[in-house]
Each structure stands twice: as C-alpha cells, then as structure tokens.
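Here is what each chain is made of, one letter per residue.
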Amino acid sequence: YKPAHNHFHEGFKRLKKMGVEKHQILHTAQSLFHDHIPANELGIHNAWIDRRAKRGGGAGATVPVGQMPKLDFRFESMAEFVAAHKKETGG
C-alpha cells in the first residue's frame, strides 16, 4: 500500500504497455505522505490537491510530513485543477 513503491511500479509497467512513459505521468493527489513523497522518490511529476488550504492548511488527510515534498503544481480543489488544465489545453 502507498507509500510503498510497488503499486507505483506496477502502474508504470501497465502504462508503458499503453504507450505512456514515466515522464508523461502527472500524479495528482491530496496526501503528501502517501502520494507526493513517493512521487518525489520515484521522480514523477505531481500535482497536489490542497483541499485543506482554505481551512488553515495541513499535510492532507494524513500525519504531517517532516519536509515538504517538491510539488510541480498545487491546486485548492479538483475544480481549480480542471480549470487550469482546460486553460492550458484550450479545451
């Protein structure tokens, strides 16, 4: 189970069969501990859905993390993420 890397590696393997390379993945999730720390460790891009931002912030639905992981993107909601995607892609 996350944050263990075995599920990520299985995902990479399955995506590769569909023609998706690791550098094309954007791991989008809320948990810093379960998702963004492993994404950093595995070298994949990530987008944090910081649903607690308007309530004072925090580490997500898990325990606080020692050091903030590197984030490629940060959004306060899935709606904000979708709007940014539509703006970027023109659709």
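Not measured: the values here are computed from a predicted model.

**Some remarks on the pairing of strand S1 (residues 26-29)**
Along any regular strand the residues' side chains alternate between the sheet's two faces. In S1, alternate side chains face the same way, and those of His-27 and Ala-29 are buried while those of Leu-26 and Thr-28 on the opposite face are not. Note that S1 and strand S2 (residues 45-49) share 4 bridges and pair parallel. Paired with His-27 across the two strands is Asn-46, which belongs to S2.

**Focus: the nonpolar core**
The biggest cluster of nonpolar side chains holds 6 residues, and these are Phe-8, Phe-12, Ile-25, Ala-39, Leu-42 and Ile-44. Residue assignment for this core shows that the elements contributing at least two residues are helix H1 (6-17) and helix H2 (32-42). Contacts of Phe-8, omitting those with residues within four sequence positions, involve Lys-2, His-27, His-34, Asp-35, Pro-38, Leu-42 and Ile-44.

**A look at the layout of surface pockets**
Estimates place the volume of the largest pocket at around 210 Å³. In this structure, the largest pocket is lined by Leu-26, Phe-73, Phe-75, Phe-81, Ala-84, His-85, Lys-87, Glu-88 and Thr-89. Only strand S3 (73-75) and helix H3 (78-89) provide two or more residues apiece to the lining of the largest pocket. Ranked by the residues each element gives to the lining of the largest pocket, the list is headed by H3, at 6 residues. A breakdown of the residues in the lining of the largest pocket according to their chemical character gives 5 nonpolar, 2 polar and 2 charged.

Each value, and the rule that gives it
- Residues numbered from 1 in each chain as written.
- Predicted model: local features only at pLDDT ≥ 70, side-chain atom pairs only at ≥ 80, totals over all residues.
- Heavy atoms only, no water.
- Buried < 20%, exposed > 50% of the residue type's maximum accessible area, 1.4 Å probe, protein only.
- Helix = DSSP H or I, 4+ residues; strand = E, 2+ residues; numbered from the N terminus.
- Pairing = 2+ DSSP bridges.
- Core = buried A, V, L, I, M, F, W, Y, C linked by side-chain atoms within 4.5 Å.
- Contact = heavy atoms within 4.5 Å.
- 1 Å grid on protein atoms, 1.4 Å probe; cavity = no way out; pocket = protein on both sides within 12 Å on 5 of 7 lines; lining within 4 Å.
- Points joined across faces, edges and corners; volume = space filled by probe spheres on them.
- Nonpolar A, V, L, I, M, F, W, Y, C, P; charged D, E, K, R; others polar.

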